[in-house]
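# Reading the structure
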Amino acid sequence: MITAQWAAWLEHSPLGEWMRTSGSAYPIVNLIHLAGLVLLLGAMLLLDLRLLGLARKFPLPDVSALLTPLAAGGLALLLASGALLFAADAGPLLDNPLFFIKLACIALGIANALLFRKLWSGRPEAWDLAAPALGRVQAAASLALWIAAGTLGRLLAYF
Ligand code: HEM
(Lines give C-alpha, C1' and ligand atoms only; values in the text may rest on other atoms or scores of the structure.)
Protein backbone atom coordinates (compact mmCIF):
# COMPACT_ATOMS: atom_id res chain seq x y z
CA MET A 1 0.00 0.00 0.00
CA ILE A 2 1.20 3.49 -0.81
CA THR A 3 1.04 4.74 2.83
CA ALA A 4 3.12 1.75 4.04
CA GLN A 5 5.71 2.43 1.32
CA TRP A 6 5.78 6.09 2.23
CA ALA A 7 6.15 5.24 5.95
CA ALA A 8 9.07 2.89 5.18
CA TRP A 9 10.71 5.57 3.01
CA LEU A 10 10.31 8.20 5.77
CA GLU A 11 11.59 5.87 8.50
CA HIS A 12 14.72 5.04 6.46
CA SER A 13 15.30 8.59 5.20
CA PRO A 14 18.30 10.47 6.69
CA LEU A 15 15.84 12.32 8.97
CA GLY A 16 14.18 9.13 10.24
CA GLU A 17 17.55 7.39 10.74
CA TRP A 18 18.93 10.41 12.58
CA MET A 19 15.88 10.61 14.88
CA ARG A 20 16.25 6.89 15.73
CA THR A 21 20.01 6.47 15.95
CA SER A 22 21.32 9.74 17.39
CA GLY A 23 21.37 9.35 21.14
CA SER A 24 20.12 12.87 21.81
CA ALA A 25 17.76 13.76 18.90
CA TYR A 26 14.67 11.83 20.04
CA PRO A 27 14.85 12.87 23.73
CA ILE A 28 15.41 16.55 22.83
CA VAL A 29 12.56 16.60 20.28
CA ASN A 30 10.37 14.78 22.81
CA LEU A 31 11.12 17.52 25.36
CA ILE A 32 10.17 20.17 22.77
CA HIS A 33 6.92 18.22 22.16
CA LEU A 34 6.22 18.29 25.90
CA ALA A 35 7.01 22.03 26.12
CA GLY A 36 4.46 22.59 23.32
CA LEU A 37 1.96 20.42 25.21
CA VAL A 38 2.35 22.47 28.39
CA LEU A 39 1.92 25.75 26.47
CA LEU A 40 -1.11 24.58 24.47
CA LEU A 41 -2.93 22.67 27.21
CA GLY A 42 -2.14 25.22 29.92
CA ALA A 43 -3.35 28.16 27.84
CA MET A 44 -6.43 26.38 26.47
CA LEU A 45 -7.45 25.08 29.89
CA LEU A 46 -7.45 28.61 31.31
CA LEU A 47 -9.07 30.21 28.25
CA ASP A 48 -11.81 27.58 27.89
CA LEU A 49 -12.64 27.65 31.61
CA ARG A 50 -12.86 31.46 31.40
CA LEU A 51 -15.17 31.14 28.39
CA LEU A 52 -17.31 28.72 30.41
CA GLY A 53 -17.77 31.33 33.12
CA LEU A 54 -14.90 30.83 35.58
CA ALA A 55 -12.97 33.84 36.98
CA ARG A 56 -15.23 36.52 35.46
CA LYS A 57 -13.29 39.27 37.24
CA PHE A 58 -10.59 38.91 34.55
CA PRO A 59 -11.85 40.68 31.37
CA LEU A 60 -12.24 38.18 28.55
CA PRO A 61 -10.54 40.33 25.87
CA ASP A 62 -7.41 40.57 28.09
CA VAL A 63 -7.43 36.86 28.93
CA SER A 64 -7.84 35.96 25.26
CA ALA A 65 -5.13 38.41 24.12
CA LEU A 66 -2.66 36.87 26.58
CA LEU A 67 -3.46 33.18 26.14
CA THR A 68 -4.27 32.82 22.42
CA PRO A 69 -0.68 33.51 21.21
CA LEU A 70 0.69 31.11 23.86
CA ALA A 71 -1.68 28.36 22.70
CA ALA A 72 -0.85 29.01 19.02
CA GLY A 73 2.89 28.91 19.79
CA GLY A 74 2.41 25.63 21.69
CA LEU A 75 0.48 24.13 18.79
CA ALA A 76 3.21 25.17 16.33
CA LEU A 77 5.86 23.49 18.54
CA LEU A 78 3.71 20.34 18.81
CA LEU A 79 3.11 20.08 15.06
CA ALA A 80 6.79 20.59 14.16
CA SER A 81 8.20 18.26 16.85
CA GLY A 82 5.38 15.73 16.31
CA ALA A 83 6.37 15.42 12.63
CA LEU A 84 9.96 14.61 13.68
CA LEU A 85 8.84 12.04 16.28
CA PHE A 86 6.63 10.49 13.62
CA ALA A 87 9.57 10.21 11.19
CA ALA A 88 11.42 7.99 13.71
CA ASP A 89 8.66 5.33 13.88
CA ALA A 90 6.33 6.03 10.96
CA GLY A 91 5.56 2.35 10.14
CA PRO A 92 4.41 1.18 13.61
CA LEU A 93 2.55 4.47 14.19
CA LEU A 94 0.56 4.08 10.97
CA ASP A 95 -0.49 0.62 12.22
CA ASN A 96 -1.75 2.05 15.50
CA PRO A 97 -5.42 3.17 15.57
CA LEU A 98 -4.70 5.38 18.60
CA PHE A 99 -2.41 7.51 16.41
CA PHE A 100 -5.25 8.16 13.94
CA ILE A 101 -7.68 9.00 16.74
CA LYS A 102 -5.09 11.42 18.13
CA LEU A 103 -4.66 13.07 14.69
CA ALA A 104 -8.46 13.32 14.34
CA CYS A 105 -8.68 15.04 17.76
CA ILE A 106 -5.98 17.51 16.67
CA ALA A 107 -7.72 18.25 13.34
CA LEU A 108 -11.08 18.72 15.10
CA GLY A 109 -9.45 20.89 17.80
CA ILE A 110 -7.90 23.18 15.16
CA ALA A 111 -11.12 23.36 13.12
CA ASN A 112 -13.12 24.11 16.28
CA ALA A 113 -10.72 26.91 17.29
CA LEU A 114 -10.82 28.51 13.82
CA LEU A 115 -14.62 28.32 13.68
CA PHE A 116 -14.85 29.80 17.19
CA ARG A 117 -12.70 32.78 16.10
CA LYS A 118 -14.80 33.28 12.97
CA LEU A 119 -18.13 33.13 14.81
CA TRP A 120 -17.47 34.92 18.08
CA SER A 121 -14.27 36.98 18.07
CA GLY A 122 -16.14 40.16 17.17
CA ARG A 123 -18.06 40.23 20.49
CA PRO A 124 -15.79 39.28 23.43
CA GLU A 125 -17.16 42.02 25.74
CA ALA A 126 -20.75 40.82 25.31
CA TRP A 127 -19.82 37.20 26.06
CA ASP A 128 -20.40 37.36 29.84
CA LEU A 129 -23.85 38.92 29.40
CA ALA A 130 -25.17 36.47 26.83
CA ALA A 131 -22.76 33.69 25.87
CA PRO A 132 -24.19 31.79 22.88
CA ALA A 133 -24.99 28.15 23.67
CA LEU A 134 -23.05 26.98 20.61
CA GLY A 135 -20.02 28.98 21.78
CA ARG A 136 -20.13 27.29 25.20
CA VAL A 137 -20.41 23.87 23.58
CA GLN A 138 -17.36 24.78 21.48
CA ALA A 139 -15.37 25.80 24.58
CA ALA A 140 -16.24 22.49 26.29
CA ALA A 141 -15.41 20.54 23.11
CA SER A 142 -12.08 22.35 22.89
CA LEU A 143 -11.18 21.25 26.43
CA ALA A 144 -12.18 17.66 25.72
CA LEU A 145 -10.36 17.47 22.35
CA TRP A 146 -7.03 18.86 23.58
CA ILE A 147 -7.05 16.71 26.71
CA ALA A 148 -7.88 13.66 24.55
CA ALA A 149 -5.03 14.46 22.11
CA GLY A 150 -2.55 14.77 25.01
CA THR A 151 -3.78 11.56 26.67
CA LEU A 152 -3.64 9.59 23.41
CA GLY A 153 -0.12 10.92 22.73
CA ARG A 154 1.04 9.54 26.09
CA LEU A 155 -0.76 6.23 25.57
CA LEU A 156 0.96 5.67 22.20
CA ALA A 157 4.04 4.47 24.07
CA TYR A 158 2.05 1.60 25.66
CA PHE A 159 -0.18 0.27 22.85
C1 HEM B 1 0.22 16.47 13.96
C2 HEM B 1 0.75 16.71 15.14
C3 HEM B 1 1.38 15.66 16.02
C4 HEM B 1 2.09 14.53 15.68
C5 HEM B 1 2.44 14.03 14.28
C6 HEM B 1 2.48 13.89 16.91
C7 HEM B 1 3.23 12.74 17.01
C8 HEM B 1 3.67 12.18 18.18
C9 HEM B 1 4.52 11.01 18.28
C10 HEM B 1 5.05 10.21 17.08
C11 HEM B 1 4.75 10.76 19.59
C12 HEM B 1 5.61 9.62 20.18
C13 HEM B 1 4.70 8.45 20.49
C14 HEM B 1 5.48 7.24 20.97
O15 HEM B 1 5.87 7.22 22.15
O16 HEM B 1 5.67 6.33 20.17
C17 HEM B 1 4.02 11.77 20.35
C18 HEM B 1 4.00 11.83 21.72
C19 HEM B 1 3.17 12.65 22.41
N20 HEM B 1 2.32 13.61 21.88
FE21 HEM B 1 2.17 14.13 19.95
N22 HEM B 1 1.98 14.62 17.97
C23 HEM B 1 1.30 15.70 17.47
C24 HEM B 1 0.62 16.64 18.17
C25 HEM B 1 0.34 16.53 19.51
C26 HEM B 1 -0.60 17.36 20.23
C27 HEM B 1 -1.43 18.52 19.61
C28 HEM B 1 -0.58 16.93 21.53
C29 HEM B 1 -1.35 17.44 22.73
C30 HEM B 1 -2.43 18.15 22.71
C31 HEM B 1 0.37 15.86 21.63
C32 HEM B 1 0.68 15.18 22.79
C33 HEM B 1 1.62 14.18 22.92
C34 HEM B 1 2.05 13.56 24.17
C35 HEM B 1 1.55 13.89 25.59
C36 HEM B 1 3.03 12.62 23.85
C37 HEM B 1 3.78 11.71 24.83
C38 HEM B 1 5.12 12.33 25.15
C39 HEM B 1 5.88 11.48 26.15
O40 HEM B 1 5.32 10.56 26.68
O41 HEM B 1 7.05 11.73 26.40
N42 HEM B 1 0.90 15.63 20.39
N43 HEM B 1 3.38 12.60 19.47
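Being a predicted model, the structure only gives us computed values, none of them experimental. (Residues numbered from 1 in each chain as written. Predicted model: local features only at pLDDT ≥ 70, side-chain atom pairs only at ≥ 80, totals over all residues.)

## Looking at helix H6 (residues 97-120)
Over its 24 residues, H6 extends 34 Å from the first C-alpha to the last, a length consistent with the 34 Å expected when each residue adds 1.5 Å. Looking at H6, one finds that the buried residues are Phe99, Lys102, Cys105, Ile106, Gly109 and Ala113. Those residues of H6 that are buried are in contact with helix H5 (90-94) and helix H7 (133-155). (Helix = DSSP H or I, 4+ residues; strand = E, 2+ residues; numbered from the N terminus. Expected span 1.5 Å × (residues − 1). Buried ≥ 20, exposed ≤ 12 C-beta atoms within 10 Å, placed from the backbone. Contact = placed C-beta atoms within 7 Å.)

## Looking at the packing of helix H2 (residues 14-21) against helix H4 (residues 60-88)
In the contact formed by H2 and H4, the axes pass within 7 Å of each other and the chain directions differ by 85 degrees. Between H2 and H4, the angle falls in the class roughly perpendicular. Within the contact between the two elements, H2 uses Leu15, Gly16, Met19 and Arg20 and H4 uses Leu84, Ala87 and Ala88. (Axes fitted to C-alpha atoms, helices over the stretch in contact; angles between N-to-C directions. Parallel < 35°, antiparallel > 145°, perpendicular 65-115°, else oblique.)

## What about the site of the ligand?
Taken together, 23 residues form the shell around the ligand, and within it Gly82, Leu85, Ala149, Gly153 and Ala157 come nearest. Of all the secondary-structure elements, those providing two or more residues to the shell around the ligand are helix H3 (25-51), H4, H6 and H7. Residue classes in the shell around the ligand are distributed as 16 nonpolar, 5 polar and 2 charged. (Near = placed C-beta within 6 Å. Nonpolar A, V, L, I, M, F, W, Y, C, P; charged D, E, K, R; others polar.)

## Thoughts on the environment of glutamine 138
Inspection of the secondary structure assignment puts glutamine 138 in helix H7. Among the residues examined, glutamine 138 registers 19 C-beta atoms within 10 Å and is labelled partly exposed. Sequence-distant contacts of glutamine 138, that is, excluding residues within four places in its chain, are made with Asn112 and Phe116.

## Quick look at the nonpolar core
The biggest cluster of nonpolar side chains holds 17 residues, and the ones touching the most others in it are Leu40, Ala43, Met44, Ala71 and Ala149. At the level of elements, H3, H4, H6 and H7 are the ones that each hand at least two residues to this core. Looking at which element gives the most residues to this core, the answer is H3, with 7 residues. For methionine 44, the contacting residues outside a window of four places in its chain are Ala71, Ser142 and Trp146. (Core = buried A, V, L, I, M, F, W, Y, C linked by C-beta atoms within 7 Å.)

## Things to note about unusual backbone geometry
At alanine 55, a residue that is not glycine, the phi angle is positive and equals roughly 55 degrees. Exposure remark for alanine 55: the 10 C-beta atoms within 10 Å place this residue in the exposed category.

## What about the environment of aspartate 62?
Mapped onto the elements of the fold, aspartate 62 is located in helix H4. Aspartate 62 gets classed as exposed once you count the C-beta atoms within 10 Å, which come to 10. Along the chain, aspartate 62 and proline 124 lie 62 residues apart, while their C-alpha atoms are 9.7 Å from each other.

## Focus: the packing of H3 against H4
Running from N to C, H3 and H4 cross one another at 150 degrees; their axes reach a closest spacing of 7 Å. The angle between H3 and H4 falls in the class roughly antiparallel. Here H3 and H4 pass one another in a crossing that is left-handed. Looking at the contact of H3 with H4 residue by residue, the class counts come to 22 nonpolar, 8 polar and 1 charged. (Left-handed = near helix turned anticlockwise from the far one by under 90°.)

## Some points on H4
Given a rise of 1.5 Å per residue, 29 residues ought to cover 42 Å, and the 41 Å separating the end C-alpha atoms of H4 matches this to within 8%. Remark: the principal bend of H4, roughly 25 degrees, maps to leucine 67, with a proline, proline 69, within the next four residues. Those residues of H4 lying buried are Ala71, Gly74, Leu75, Leu78, Ser81, Gly82, Leu85, Ala87 and Ala88. Residues of H4 that are buried sit in contact with helix H1 (2-11), H2, H3 and H5. (Bend = angle between axes of the 7 residues up to and from the residue.)

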